[in-house]
Amino acid sequence: MLNGLYLGGVQLPFVSSLRVYLPREAYTPEQFSYVRGRLDEGQNAVTVDAQELADSLGRVSRSTANPLPTPAVDRVRVFQSGEDAPLLYAPNQVVARSISATTELLSGPLAPLARLVVPDSEWDLHLERMEMAPVPGASLQTRTSTWGIPFSWFTLVYANDRMEVVEANGRVLTVRIQVPLPLAVERSGRTLKMLAEMAPDLDLFEELDELHDWLGAFSDDGMVELDYGPVANRVHPDDSPADVHAGLQCLADGDLTGAAAAYRRLARRWMPIRQLARAN
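Nothing here was measured: the structure is a model prediction, and the numbers come from that model.

Asker: Got a minute to help me understand the overall build of the protein in this structure?
Answerer: Looking only at helices and strands, one finds 11 helices and 7 strands in the protein. Dimensions along the principal axes, computed over C-alpha positions, put the protein at roughly 55 × 50 × 40 Å. Residue burial in the protein is summarised as follows: out of 280 residues, 42% are buried. Sequence-distant contacts, at least 24 apart, represent 77% of the contacts inside the protein between residues at least 6 apart. As displayed, the protein has an accessible area near 14800 Å², and 53% of this comes from carbon and sulfur atoms.

Next comes the structure, spelled out in structure tokens:
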């Protein structure tokens with residue numbers, strides 16, 4: 001930690017995020033009241049990162065059997081593209097996301113292991129508490145990825161999009177790329193159409209189809225943010241968006257050699273990072 005901010009060693013997983021920021025009008029009065037109540041005076045993106053990390057470390061180190069978060073650690077990021085631009089909001093919805101993820105774990109092949117971490121008794125109590133908590137329902141505005149960024153996310157961004165590079169003590173803490181939501185939907189739709197014609201069997205097609213549907217459910221006044229997180233220190237400056245787009249263009253042109261070369265560049269960059277997930 002430095003001033004409360006973890007600087008991205010390998011002791012903790014590299015977590016990257018894809019967020020949707022929405023205007024006030026996209027929320028019901030109840031939802032926005034909840035969002036507004038979780039804003040801290042003087043906060044910025046870096047302080048929210050630090051708060052989220054402290055919350056996470058607190059959960060995994062506490063003595064109780066239940067590592068799941070409570071509404072007290074729901075936090076909200078704010079984005080403003082210019083001085084006169086409206087504020088956009090991205091609640092991290094950590095409670096709702098934890099419920100979704102735990103439900104999936106408890107119903108999947110890793111259920112026996114998941115129950116060691118979250119016993120049934122604690123899970124039932126947690127759901128009861130959440131039913132009583134004043135957390136308004138809303139679509140999840142954040143997706144996360146551990147030990148690498150899905151290539152489908154790179155289809156949404158280009159090198160000339162708005163970018164923030166956050167540095168401290170010679171390290172890149174994160175890189176954030178922002179794209180207007182309608183533009184991100186347009187880009188994903190254009191790529192989907194091409195893949196449907198040229199390579200519908202690629203895993204990328206299925207991933208991007210789901211991503212396109214998710215983005216399309218939000219307000220046109222929103223903003224999409226690709227947040228590299230601590231992995232940025234390993235890859236910045238990153239040519240992955242350019243390599244993904246180059247590979248897709250090669251596919252569209254029938255240039256399989258060029259597409260394979262673009263994929264090899266991506267693999268060389270990201271495979272060592274993904275292998276960290278199995279390191280000890």
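Asker: In this structure, what is going on with empty space enclosed by the protein? I would like to understand it.
Answerer: Over the atoms a probe the size of a water molecule is rolled, and this reveals where empty space is left. What the rule picks out here adds up to 1 cavity of 30 Å³ or more. Estimated volume of the largest cavity: approximately 30 Å³. Lining the largest cavity we find L18, L156, V157, I177, V179, A184, V224, E225 and L226. Breaking the lining of the largest cavity down by element, the ones donating at least two residues are β6 (171-180) and β7 (223-227). Among the elements that line the lining of the largest cavity, the one with the most residues is β7, at 3 residues. Looking at the lining of the largest cavity, its residues break down into 8 nonpolar, no polar and 1 charged.

Asker: Explanation requested: the pattern of salt bridges in the structure shown.
Answerer: Opposite charge on two side chains permits them to pair, given that their charged atoms come into close proximity. Inspection of every chain in the model, using the stated rule, returns 16 salt bridges. R77 serves as the salt-bridge partner of D49, at 2.5 Å between the closest nitrogen and oxygen. Highlighted residues: D49 in helix α2 (residues 45-61) and R77 in strand β2 (residues 76-79), separated in sequence by 28 residues. Residue R77 is classed as buried on the basis of its relative accessible area of 4%. As a salt-bridge pair, D55 and R75 come within 2.6 Å of each other at their nearest N and O atoms.

Asker: How should the side chain of T191 be read in this particular structure?
Answerer: Note on placement: T191 falls in helix α7 (residues 181-198). A relative accessible area of 9% means that T191 is categorised as buried. Engagement of the side chain of T191 in a polar contact is seen with the backbone oxygen of R187, the distance being 3.0 Å.

Asker: Would you explain unusual backbone geometry in this entry?
Answerer: A negative phi angle is the norm for most residues apart from glycine, just as the trans form is the norm for most peptide bonds. H236 connects to P237 through a cis peptide bond whose omega is -5°. In this fold, P237 is placed in the loop between α9 (232-235) and α10 (240-252). With a phi angle near 50°, Q93 is a residue other than glycine that sits in the positive phi range. Topologically, Q93 is positioned in the loop between β3 (88-91) and α3 (94-106). On the basis of relative accessibility, which here comes to 10%, the residue Q93 falls in the buried class. Its identity as a non-glycine residue notwithstanding, W147 has a phi of 60°, on the positive side. Checked against the element boundaries, W147 lands in the loop between β4 (142-146) and α6 (151-154).

Asker: In this structure, what is going on with the side chain of N92? I would like to understand it.
Answerer: Along the chain, the position of N92 falls in the loop between β3 and α3. A polar side-chain atom of N92 sits 2.8 Å from a polar atom in the side chain of E52. Sequence-distant contacts of N92, that is, excluding residues within four places in its chain, are made with E52, V73, D74, R75, R77, R97 and T142.

Rules of the game
Residues numbered from 1 in each chain as written. Predicted model: local features only at pLDDT ≥ 70, side-chain atom pairs only at ≥ 80, totals over all residues. Heavy atoms only, no water. Helix = DSSP H or I, 4+ residues; strand = E, 2+ residues; numbered from the N terminus. Buried < 20%, exposed > 50% of the residue type's maximum accessible area, 1.4 Å probe, protein only. Contact = heavy atoms within 4.5 Å. Areas by Shrake-Rupley, 256 points an atom, 1.4 Å probe, with all protein chains shown as cover. 1 Å grid on protein atoms, 1.4 Å probe; cavity = no way out; pocket = protein on both sides within 12 Å on 5 of 7 lines; lining within 4 Å. Points joined across faces, edges and corners; volume = space filled by probe spheres on them. Nonpolar A, V, L, I, M, F, W, Y, C, P; charged D, E, K, R; others polar. Salt bridge = Lys/Arg side-chain N within 4 Å of Asp/Glu carboxyl O. Polar contact = N/O pair within 3.5 Å; in protein donor to acceptor, adjacent residues only side chain to side chain.

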